[in-house]
Amino acid sequence: MAHLRLHGPLDDERYADVLELLAGFTPHVQALPPDAVQLDLTSALRYFGLGPYELVQRAALRLMALYGIGTSAGLAGNRMLAAMAAAASEPGRTTYIPADRAAAWLRPRPLTALPGIGRATATTLGGYGLHTVGQIADLPAVTLQRLLGAGPARLLAERARGHDPRPVTPAEPSTHLTADLVLDRDCLDPDRHHAAVLGLAEQLGLRLRADGQVAGRLALTVRYADRSSTTRTRTLAEPAAHSPALTAAALAVLAGLGLQRARVRGFVLRAENLRPAADAHHQLRLDRTDTRARAAEAAADRARRRFGAGAVGPATLAGDGQPGGGPVYD
C-alpha cells in the first residue's frame, strides 16, 4: 500500500486531476480529501515491472511536473502503516517499511501515532505507564480489556501489532455532476446568459470525460434576482460526454425558457443518469465532421491535463464570457 500526502496548490479541481493521474498507475485509488490519497499497488507492480518505491517516485515526479504538487509518501503492507509512514516523512521524502521490519518500526512510536488514538485514550493509558506502541503490543489482552473495554482493547491490540485488514476502496462513480455559476450582479443580457450556460456545459463535458462517464440527461436551473428559480430538463439523443452535444442540449433548454427580460443571478447545469462511457453506445455517422470534432476534443483534453484547465477553450468564452466567478462541482 502507498499513502501520499499532497503539498501545494490544491483546490477541488486540482485534487480531481491528481486522482485521475494516479488512476493511470492503478485502478485501486482511494481519495482521502482534502490532501491525501491511498493506492493499492499490487497489480501496478506487475504491470510496470517496478518496485513499490520506484513506482511511487515516478508518480511523485509526474505530480510535481504537471501540477506543481509535492508529496510525502509512505509505503507499507497495509493502509494504517502506510499512513503512519507518510506522516513520518518530510516533504519530498518516502518512508518504506518492509514487512519484516514493521514491528520494529512501530514499537518505539508514541501511542498517538496510531490512528484513532486520541488524547483521552492516551491519557488513560499514560496513567498506567503505557506510552509507546511496543508497550501496548506486549500487554496481556485481559489487562488491556480492563483498562479500555473489550471492543476498543481488541482494536488497539491489533493496531499495535501492525494489523489492518482494510482494503483500498475506490470511490463509487457519481450519479450526477453539477456545475454552478453565481453572478456578481443581476444580468439581463441574453448574450451573457448564453455564454454562461455554454461555459458550464464545456466544464461538465471535460469533467465527464475525465471520469470516464457519459450523461443521459441535462437539467438547467435558472436562479432569479427575486430568489425564485426555474428548472427544465432535456434527455439527450444518446448518452454523451461530448461537449458540443451537451452544449446543444443546454442551449436548447435555455432558449425554451425565454429569458430576454429576466434578471438572472445564477445558473445550475446538472448532468444526470450517468453511466460508464464504456457501457454507452455511440451512433456511427457517415459525416466525418463528428469524428474530427471528437479527435480535436480529445487533443484539447490532453492539452488541459498537461498545461492547465485554461489552456484550451471555446472561442466564445474568450475574454469576459462568464461574469461573476466560475463553476463549482459537487
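Conventions we followed
Residues numbered from 1 in each chain as written. Predicted model: local features only at pLDDT ≥ 70, side-chain atom pairs only at ≥ 80, totals over all residues. Heavy atoms only, no water. Helix = DSSP H or I, 4+ residues; strand = E, 2+ residues; numbered from the N terminus. Contact = heavy atoms within 4.5 Å. Buried < 20%, exposed > 50% of the residue type's maximum accessible area, 1.4 Å probe, protein only. Pairing = 2+ DSSP bridges. Axes fitted to C-alpha atoms, helices over the stretch in contact; angles between N-to-C directions.

I keep staring at the environment of Met80 and nothing clicks. Help me out?
In this structure, Met80 sits in helix H4 (residues 79–87). With 84 residues separating them in the primary sequence, Met80 and Asp164 have C-alpha atoms 6.1 Å apart. Among residues more than four places away in sequence, those in contact with Met80 are Leu114, Pro115, Arg159, Gly162, His163, Asp164 and Arg166.

Can you help me understand unusual backbone geometry in this one?
For residues other than glycine, phi is negative in most cases, and the peptide bonds are mostly trans. Of note, the bond from Pro33 into Pro34 is cis; its omega dihedral lies within 30 degrees of zero at 10°. Here Pro34 lies in the loop between strand E2 (29–32) and strand E3 (36–39). Positive phi, normally seen in glycine, also occurs at Asn273, with a value near 55°.

I tried to follow the environment of Asp17 on my own but got confused; where do I start?
Take Asp17: it is sitting in helix H1 (residues 12–23). According to the relative accessible area criterion, Asp17 is partly exposed, its value standing at 21%. Linking Asp17 and Leu63, residues 46 residues apart in sequence, is a C-alpha distance of 9.4 Å.

What should I look at first to understand the sheet that holds E2 in this one?
Pairing between the strands of a sheet comes from backbone hydrogen bonds, and it takes one of two forms, parallel or antiparallel. The 5 strands lie next to each other as E2-E3-E1-E4-E5, forming an open sheet whose pairing is mixed. Two strands close off the open sheet at either side, each with one partner strand: E2 and strand E5 (94–96). Ignoring which end each strand starts from, the neighbouring axes of this sheet average 15° apart. With 6 bridges connecting them, strand E1 (residues 2–7) and strand E4 (residues 70–75) associate as antiparallel partners. Bridging from a neighbouring strand, His3 pairs with Gly74 of E4. Each of E1, E2, E3, E4 and E5 touches H4; the most contacted strand, E4, lies at about 135° to it.

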